[in-house]
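Residue-level structural notes
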Amino acid sequence: MDYTVVRSRRRTMALEITRDARVLVRAPYRTADAAIRRFVDAHQQWIDTHLTRRQDYLASHPAPTEAEIAALRERAKTYLPGRVAFWAERMGVAPSGVKITSARTRFGSCSGKNSLCFSLYLMQYPPEAVDYVVVHELAHIRHKNHGPAFYAEVSRYLPDYRQRQALLRN
């Protein structure tokens, strides 16, 4: 079993399967190599299961080419500002700006100064899911957290937001 060890000031060991399907072991600085090996051996079944799952995912979802990324970026630049304007007017809020990023782990964000960022990869999802992310980020202009008032705001404009949210997970 091939794995990478990252040592830090942590107190316990942990396993991680990275986005690119590598096994990562996080361990305290003074942990002996033999103890790390025993830890990996004891969790071999978990590693095999999750590593296989990640490899299968990567095989069925190849990384987009540079041309595909450029096309997604252009589509996002033309589509998202219009959706933001549409929903901002309905919700009575005004974002200070809209940016398109190549973020892989989040679809959108709202800064403390009400500037919105959206991932170009959002364009791979249905319009209902895109509208959910837009409304979600616009709701952060009024509510800077994910408390009950925030979700009440989202629900006010998208009563089916949970179904739309589920589209992002599939």
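Residues numbered from 1 in each chain as written. Predicted model: local features only at pLDDT ≥ 70, side-chain atom pairs only at ≥ 80, totals over all residues. Heavy atoms only, no water.

What to know about the sheet that holds strand β1 (residues 4-8)
Spatially, three strands are ordered β1-β3-β2 in an open sheet, and the strand pairing comes out mixed. One side of each edge strand has no neighbouring strand; the edge strands of this open sheet are β1 and β2 (14-17). In this sheet, adjacent strand axes meet at a mean angle of 25° when their direction is disregarded. As judged from the five bridges shared by β1 and strand β3 (residues 23-28), these two strands associate in the parallel manner. Residue valine 6 lies in a different strand from β3, and its bridge partner there is arginine 26. The strands that helix α1 (residues 33-42) touches are β1, β2 and β3; relative to β3, the one it contacts most, it runs at about 135°. In this fold helix α2 (residues 44-60) packs onto β2 and β3, with an angle of close to 20° to the strand it touches most, β2. (Pairing = 2+ DSSP bridges. Helix = DSSP H or I, 4+ residues; strand = E, 2+ residues; numbered from the N terminus. Axes fitted to C-alpha atoms, helices over the stretch in contact; angles between N-to-C directions. Contact = heavy atoms within 4.5 Å.)

Quick look at the side chain of histidine 136
Here histidine 136 lies in helix α4 (residues 127-142). A distance of 3.3 Å separates polar atoms of two side chains, one belonging to histidine 136 and the other to histidine 140. There is a polar contact of 3.1 Å between the side chain of histidine 136 and the side chain of histidine 146. (Polar contact = N/O pair within 3.5 Å; in protein donor to acceptor, adjacent residues only side chain to side chain.)

Points about the pairing of β3
Where burial is concerned, most of β3 is hidden: five out of the six residues are buried. Of the pairings in the sheet, the one linking β2 to β3 comprises four bridges and is antiparallel in character. Each residue of the ladder has a partner; that of glutamate 16, found in β3, is leucine 24. Connecting β2 to the next strand, β3, in antiparallel fashion are five residues, including alanine 21 with a positive phi near 65°. (Buried < 20%, exposed > 50% of the residue type's maximum accessible area, 1.4 Å probe, protein only.)

Thoughts on the state of the cysteines
Applying the stated criterion across every chain, the model contains zero disulfides. Here cysteine 110 is not cross-linked by a disulfide; its sulfur's nearest cysteine counterpart is in cysteine 117, at 9.1 Å. (Disulfide = S-S within 2.5 Å.)

Quick look at the layout of surface pockets
Once rolled over the atoms, a probe with the size of a water molecule shows which space is left empty. The computed volume of the largest pocket comes to approximately 650 Å³. Around the largest pocket sit 19 residues that line it, and Arg19, Tyr57, Arg104, Gln124 and Tyr125 are the ones nearest its centre. Ranked by residues supplied to the lining of the largest pocket, first place goes to α2 with three residues. The residue makeup of the lining of the largest pocket, split by class, is 10 nonpolar, four polar and five charged. (1 Å grid on protein atoms, 1.4 Å probe; cavity = no way out; pocket = protein on both sides within 12 Å on 5 of 7 lines; lining within 4 Å. Points joined across faces, edges and corners; volume = space filled by probe spheres on them. Nonpolar A, V, L, I, M, F, W, Y, C, P; charged D, E, K, R; others polar.)

Observations concerning the packing of α4 against helix α5 (residues 148-157)
Running from N to C, α4 and α5 point in directions that differ by 135°, and their axes come no closer than 9 Å. One way to sum up the angle between α4 and α5 is to call them oblique. Note on packing geometry: the crossing formed by α4 with α5 is right-handed. Two secondary-structure elements touch here, α4 through Tyr132, Val135, His136, Ala139, His140 and Arg142 and α5 through Phe150, Tyr151, Glu153, Val154 and Tyr157. (Parallel < 35°, antiparallel > 145°, perpendicular 65-115°, else oblique. Left-handed = near helix turned anticlockwise from the far one by under 90°.)

What to know about the packing of helix α3 (residues 66-91) against α4
Interaxial distance between α3 and α4 falls to 10 Å at its minimum, and their mutual angle equals 55°. Classed by the angle they form, the pair α3 and α4 counts as oblique. For α3 against α4, the interelement crossing comes out right-handed. Contacts from Tyr79, Leu80, Arg83, Val84, Trp87, Ala88 and Met91 in α3 reach Pro127, Val130, Asp131, Val134, Val135, Leu138, Ala139 and Arg142 in α4. Looking at the contact of α3 with α4, its residues break down into 12 nonpolar, no polar and three charged.

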